[in-house]
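Spelled out from the first residue to the last, the chains are:
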Amino acid sequence: MQSAARIKAGGRAFAHIAAFHPELTSFRRDLHAHPELGFEEKFTSARIVEALRQCGVDEVHTQIGRTGLVALIHGQSRASGSMIGLRADMDALPMQENNEFTWKSSRQGLMHGCGHDGHITMLVGAARYLAATRCFDGTAALIFQPAEEGMGGARVMIEDGLFERFPIQSVFAMHNWPQMKPGTVGLNDGAMMAAADRVTIEITGRGGHGAHPYQTVDVVLVAGHIITALQGIVARNVRALDSAVVSLCAVQAGDLGAFSVLPGTATLVGTVRSFDPAIQEMVERRIQEVCNGVAMGMGASVNVRYERIYPATINTESEARFAGDVAASIVGADNVVRDLEPSMGAEDFSFMLQSKPGAYLRIGQGMGAGNSTLHNSRYDFNDDILPLGAALHAGLIEQGMPLAEAE
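Just so it is clear, the model here is predicted, and its values are computed rather than measured.

Visitor: Any chance you could explain the domain arrangement of the chain here in plain terms?
Guide: Where the parts come together, the accessible area they lose is often given as the size of the interface. By the assigned domains, the chain splits into domain 1 (12–193 + 312–400) and domain 2 (195–310). For domain 1 and domain 2, the distance between their C-alpha centres works out to 38 Å. Counting residues at the interface gives 19 residues for domain 1, matched by ten residues for domain 2. Here domain 1 packs against domain 2, burying approximately 930 Å² in sum over the two surfaces, 71% of which is carbon and sulfur. Ranking the residues of domain 1 by area buried against domain 2 places Ala312, Met344 and Ala346 at the top, with a combined share of 58%. Inspection of the region where domain 1 meets domain 2 yields zero salt bridges. Our count for the domain 1 to domain 2 interface comes out at five residue pairs in polar contact (both at pLDDT 80 or more).

What follows is the structure in structure tokens.
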């Protein structure tokens, strides 16, 4: 693993923050040892508030979106009236950690398996630097968001008046990315992550004896045909140059102990991923049509529930270009990927980008020992990149709201 000193980065902010890198590492590992699920981040919020007050931020506003909070730091001047938002997610995952290091999760069945502990720490590091230097004209709004993992914490914060109380002009977030090496940053000027939808298909037939299937309407057979038929939607309805995913991920029907009983009901659950709203609407319509057609043709009935969970995460062009320029000023142009391939994963920062211009960045953290893929039981955030992530946050503020040059 690289150390922060070996990561190629420059600028005043990076050098300043690297000086307290050990403190950031200790803070991050304490968060890692005490993971909490979405909307339950009470310990996490309290630790963040304590750290922010030690940093000397001007204001801390708590209980926004239940467990979320916002810190404000004012620059040397506020003549511009500008406000830029920086967001970090706080929640952990309901999974068992299989690491052996001393800061592994102390809570059974809970784990920071996506690096939100690191995201928090990078933003706290930026807060410490910005509060100490204040080399900007405007106000930095540091948003610590709960419940990113499937619960829509960003949407809840917005509904709780986030942008009315803090009228930011643009908002930025970053996520660690093990597939990129430390010292690199990636983004693009369009879709970064897909929309995530949930589909639930409930099939009703007529149960009976497995020895006499002619007396039944076999929902297991109907389910099998629906699973197969739905895989034709993307293959035969989505243009090859476009993207969509339809995955049926769970099937529930019958009793494994009743090998000769054909059940009367079956349920399929899956996900749909897409970038283009027109494709999203088409896939939703075709799922309904295919399910109805297959069920009707086989004598069953079907109920399809289609839920739009997260919209696509789409960067605005000018903010993505600006964020790329900030990253290049710190790590060098050769270490910034400006046409990063979008991911079919989803992210509720998308709700903020529906409300405000902004950009979502990926910060490389590498796949070194103890740093496997996201949502893996042996994942751990790479502490070596903490100063770089904090410096990137700080750069977005300083370069986005520069002080006027003295005459």
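Visitor: Whenever I open this one, the packing of helix H2 (residues 21–33) against helix H3 (residues 42–55) confuses me. Can you help?
Guide: Working note: a packed helix pair is described by the angle between its axes plus the distance between those axes. Direction vectors running N to C along H2 and H3 enclose 165 degrees, while the axes themselves pass 10 Å from each other. The orientation of H2 relative to H3 falls into the category roughly antiparallel. Of the two possible hands of crossing, H2 and H3 adopt the one that is right-handed. Counted together, Phe27, Asp30 and Leu31 of H2 and Phe43, Thr44, Arg47, Ile48 and Ala51 of H3 form the full contact between these two elements. The residue inventory of the contact of H2 with H3, partitioned by class, reads five nonpolar, one polar and two charged.

Visitor: Where do I start with the pattern of salt bridges in this structure?
Guide: Oppositely charged side chains can form a pair if their charged atoms are brought close together. With the rule as written, the count across this model stands at 23 salt bridges. The residue Arg286 makes a salt bridge to Glu289 at a minimum N-O spacing of 2.7 Å. Taken as a pair, Arg286 and Glu289 lie in helix H8 (residues 277–297) at a separation of three residues, close to a single helical turn. Among the ionic pairs, Glu317 bridges to Arg321, the shortest N-O distance being 4.0 Å. With Glu317 and Arg321 both in helix H9 (residues 317–331) and four residues apart, the pair spans about one turn of that helix. Taking relative accessible area as the criterion, Arg321 reaches 45% and is therefore assigned partly exposed. Each of Arg28, Arg29, Asp117, Asp380 and Asp383 takes part in salt bridges that share partners, so that together they form one network.

Visitor: Looking at this structure, I do not really get the packing of aromatic side chains. What am I missing?
Guide: For any pair of aromatic rings, geometry is given as the distance between the ring centres together with the angle between the planes. Tallied over the entire structure, the rule returns four aromatic pairs. Judged by centre distance (4.4 Å) and plane angle (15 degrees), the rings of Phe101 and Trp103 are stacked. Sitting over the face of the ring of Phe20, Arg128 holds its NZ or CZ atom 4.0 Å from the ring centroid. Positioned above the aromatic ring of Trp177, the side-chain terminus of Arg362 is 3.6 Å from the ring centre.

Visitor: It is not clear to me how H2 should be interpreted in this structure. Could you clarify?
Guide: Because each turn of an α-helix spans 3.6 residues, side chains separated by three or four positions end up pointing in the same direction. The first and last C-alpha atoms of H2 sit 19 Å apart over 13 residues, in line with the 18 Å expected at 1.5 Å per residue. The set of residues buried in H2 consists of His21, Leu24, Thr25, Phe27, Arg28, Leu31, His32 and Ala33. Turning to H2, the residues buried within the fold contact helix H1 (12–18), H3, helix H4 (116–133) and helix H11 (386–400).

Visitor: What exactly am I supposed to notice about the pairing of strand E4 (residues 139–145) here?
Guide: Residues in a regular strand point their side chains to alternate faces of the sheet. The buried fraction of E4 amounts to seven of the seven residues, a majority that puts the element mostly inside the structure. Across the two faces of E4 the burial is the same, with Thr139, Ala141, Ile143 and Gln145 and Ala140, Leu142 and Phe144 all buried. Alignment of strand E2 (residues 68–74) against E4, held across six bridges, turns out to be antiparallel. The partner of Ala71 across the bridge, within E4, is Leu142.

Visitor: What's the story with the UniProt feature "domain: Peptidase M20 dimerisation" (unreviewed entry) in the chain in this structure? I'm lost.
Guide: Following the UniProt record, one finds the feature "domain: Peptidase M20 dimerisation" (unreviewed entry) at residues 199–292. Secondary structure over residues 199–292 splits into 37% helix and 32% strand, and the C-alpha atoms at its two ends are 14 Å apart.

Visitor: It is not clear to me how the UniProt feature "binding site: Mn(2+)" (unreviewed entry) in the chain should be interpreted in this structure. Could you clarify?
Guide: The UniProt record marks Cys114, His116, Glu149, His175 and His375 with the feature "binding site: Mn(2+)" (unreviewed entry), using the residue numbering of this structure. The annotated residues occupy 262 residues of the chain but converge on a single region, no pair of C-alpha atoms lying more than 13.1 Å apart. Summarising the element assignment, His116 is placed in helix H4. Residue class for His116 comes out buried when judged on its relative accessible area of 0%. The contact partners of His116, leaving out residues within four places of it in the chain, are Asp89, Met90, Asp91, Glu148, Glu149 and His175. Its location among the elements puts His175 in strand E5 (residues 170–177). Excluding anything up to four places from it in sequence, His175 contacts Asp89, Cys114, His116, His119, Glu347, Tyr360, Leu361, Arg362, Ile363 and Leu374.

Visitor: Help me understand the nonpolar core, please; the structure alone is not making it clear to me.
Guide: Grouped burial of nonpolar side chains is what soluble globular proteins tend to show. Counting residues in hydrophobic clusters, the biggest one holds 91 residues, and the most contacted among them are Leu52, Val70, Ile73, Leu142 and Phe144. Ignoring sequence-local partners within four residues, the contact set of Phe144 consists of Ile48, Leu52, Gly68, Leu69, Ala88, Met90, Ile120, Leu123, Val124 and Met157. Counting 29 residues, the second-largest nonpolar core is a separate cluster that includes Val238, Leu248, Val304 and Tyr306.

Visitor: How should I be thinking about the sheet that holds E2 in this particular structure?
Guide: Backbone-to-backbone hydrogen bonds pair the strands of a sheet. The strands run either parallel or antiparallel. With respect to topology, eight strands assemble into an open sheet ordered E1-E2-E4-E3-E5-E16-E6-E15, the strand pairing being mixed. Each end of this open sheet is capped by a strand with a single partner; those strands are strand E1 (59–64) and strand E15 (336–337). Strand contacts of H4: E2, strand E3 (83–89), E4, E5 and strand E16 (358–364), with the helix running at about 145 degrees to E3, the strand carrying the most contacts.

Reading the values: rules and limits
Residues numbered from 1 in each chain as written. Predicted model: local features only at pLDDT ≥ 70, side-chain atom pairs only at ≥ 80, totals over all residues. Heavy atoms only, no water. Domains from an automatic or database assignment. Contact = heavy atoms within 4.5 Å. Buried area = accessible area lost by both parts, 1.4 Å probe. Salt bridge = Lys/Arg side-chain N within 4 Å of Asp/Glu carboxyl O. Polar contact = N/O pair within 3.5 Å; in protein donor to acceptor, adjacent residues only side chain to side chain. Axes fitted to C-alpha atoms, helices over the stretch in contact; angles between N-to-C directions. Helix = DSSP H or I, 4+ residues; strand = E, 2+ residues; numbered from the N terminus. Parallel < 35°, antiparallel > 145°, perpendicular 65-115°, else oblique. Left-handed = near helix turned anticlockwise from the far one by under 90°. Nonpolar A, V, L, I, M, F, W, Y, C, P; charged D, E, K, R; others polar. Buried < 20%, exposed > 50% of the residue type's maximum accessible area, 1.4 Å probe, protein only. Phe/Tyr/Trp six-rings, centres within 6.5 Å; stacked < 30°, edge-to-face > 60°. Lys NZ or Arg CZ within 6 Å of the ring centre and 35° of its normal. Expected span 1.5 Å × (residues − 1). Pairing = 2+ DSSP bridges. UniProt positions renumbered as here; feature names shortened; annotations may be inferred. Core = buried A, V, L, I, M, F, W, Y, C linked by side-chain atoms within 4.5 Å.

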